[in-house]
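The lines below spell out each chain.
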Amino acid sequence: VQLQASGGGLVQPGGSLRLSCTASGIMFSVFAVGWYRQAPGKQREFVARITNSDMTSYSDSVKGRFTISRDNAKNTAYLQMANPKPEDTAVYYCNIGTTTEVDRGAGSWGQGTLVTVSS
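About the cut-offs
- Residues numbered from 1 in each chain as written.
- Predicted model: local features only at pLDDT ≥ 70, side-chain atom pairs only at ≥ 80, totals over all residues.
- Heavy atoms only, no water.
- Helix = DSSP H or I, 4+ residues; strand = E, 2+ residues; numbered from the N terminus.
- Rg over C-alpha atoms; globule rule 2.2 N^0.38 Å.
- Contact = heavy atoms within 4.5 Å.
- Areas by Shrake-Rupley, 256 points an atom, 1.4 Å probe, with all protein chains shown as cover.
- Lys, Arg positive; Asp, Glu negative; His and termini not counted.
- Charge placed at Lys NZ, Arg CZ, Asp CG, Glu CD.
- Phe/Tyr/Trp six-rings, centres within 6.5 Å; stacked < 30°, edge-to-face > 60°.
- Buried < 20%, exposed > 50% of the residue type's maximum accessible area, 1.4 Å probe, protein only.
- Pairing = 2+ DSSP bridges.
- Axes fitted to C-alpha atoms, helices over the stretch in contact; angles between N-to-C directions.
- Core = buried A, V, L, I, M, F, W, Y, C linked by side-chain atoms within 4.5 Å.
- Disulfide = S-S within 2.5 Å.

**Overview of the overall build of the chain**
Part 1 of the argument: A count of helices and strands for the chain gives 1 helix and 11 strands.
Part 2 of the argument: In sequence order, the secondary structure elements of the chain are arranged as β-β-β-β-β-β-β-β-β-α-β-β.
Part 3 of the argument: Taking 2.2 N^0.38 as the reference for a compact globule, 119 residues should give roughly 14 Å; the C-alpha atoms of the chain span a radius of gyration of 13 Å, in line with that estimate.
Part 4 of the argument: Taken along its principal axes, the extent of the C-alpha atoms in the chain is 40 × 25 × 25 Å.
Part 5 of the argument: Look at the contacts in the chain between residues 6 or more apart in sequence, and 56% of them connect residues 24 or more apart.
Part 6 of the argument: Summed over all atoms, the accessible surface of the chain reaches about 6,000 Å², with 47% contributed by carbon and sulfur.
Part 7 of the argument: Positive and negative side-chain charges in the chain, numbering 11 and 8 respectively, have mean positions lying 2 Å apart.

**A short note on the packing of aromatic side chains**
Part 1 of the argument: For the structure shown, the criterion picks out 3 aromatic pairs.
Part 2 of the argument: Taken together, a centroid distance of 5.5 Å and an interplanar angle of 75 degrees make the contact between Tyr-36 and Phe-46 edge-to-face. Pair noted here: Tyr-36 is in strand β4 (residues 32–38) and Phe-46 is in strand β5 (residues 45–50), with a separation of 10 residues, a long-range link.
Part 3 of the argument: You can call Tyr-36 buried: its relative accessible area is 6%.
Part 4 of the argument: Taken together, a centroid distance of 5.2 Å and an interplanar angle of 75 degrees make the contact between Tyr-36 and Trp-109 edge-to-face. Pair noted here: Tyr-36 is in strand β4 and Trp-109 is in strand β10 (residues 108–109), with a separation of 73 residues, a long-range link.

**Here's the deal with the pairing of β5**
Part 1 of the argument: Alignment of β4 against β5, held across 5 bridges, turns out to be antiparallel. Residue pairing across strands places Trp-35 opposite Ala-48, the latter belonging to β5.
Part 2 of the argument: Count of turn residues in the β4/β5 antiparallel hairpin: 6 residues, of which Gly-41 carries a positive phi of about 75 degrees.
Part 3 of the argument: With 3 bridges connecting them, β5 and strand β6 (residues 56–58) associate as antiparallel partners. Bridging across to β6, Arg-49 finds its partner in Ser-57.
Part 4 of the argument: Counting the residues in the hairpin turn of β5 and β6 gives 5 residues, including Asp-54, whose phi is positive at 65 degrees.

**Overview of the sheet that holds strand β8 (residues 76–82)**
Part 1 of the argument: Ordered in space as β1-β3-β8-β7, the 4 strands form an open sheet in which the pairing is antiparallel. Lying at the two open borders of the sheet, with one neighbouring strand each, are β1 (2–6) and β7 (66–71). With strand direction ignored, the average angle separating the axes of adjacent strands in the sheet is 15 degrees.

**Some thoughts on the nonpolar core**
Part 1 of the argument: Leu-19, Trp-35, Val-47, Leu-79, Met-81, Tyr-92 and Val-115 are the most contacted members of the largest nonpolar core, which has 27 residues in total.
Part 2 of the argument: Mapped by element, the contributors of at least two residues to this core are β1, β3 (16–24), β4, β5, β7, β8, β9 (90–97) and β11 (113–117).

**Structural notes on the state of the cysteines**
Part 1 of the argument: Overall, the coordinates contain 1 disulfide when judged by the stated rule.
Part 2 of the argument: Between Cys-21 and Cys-94 runs a disulfide, and the two sulfur atoms are separated by 2.2 Å. Because the sign of the S-S torsion sets the handedness, a value of about 75 degrees for the bond joining Cys-21 and Cys-94 places this disulfide among the right-handed ones. Here the residue Cys-21 occupies a position in strand β3, and Cys-94 occupies one in strand β9, the gap between them amounting to 73 residues.
Part 3 of the argument: Judged by its relative accessible area of 1%, Cys-21 falls in the buried class.

Bear in mind that shape data such as this cannot, by itself, settle questions of function.
Here it is, written out as structure tokens:
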């Protein structure tokens, strides 16, 4: 399986940004997909997850601001970041697997995409 994350960059606080995670070599629609992030000097942490039946889960730090979604026809999951804050600055990674695997960060990883929130 290969995961390609993209869409990172510099965004101002209060702006918006959409990350994409495109999968290949896997039957995308049957698996859950999650987003994790790792800020400098910190451990990787869970951000959001969507199951194969579109059930979503979010960390408390992004709930109400970020939205995870998926388009199975494009083998792609998205993370829409609204009202980002400087503390959202991190490398964002996507993870794919069963729901249990993704919730534990035990699925397959893609490379990260850097998001910098700064004015």
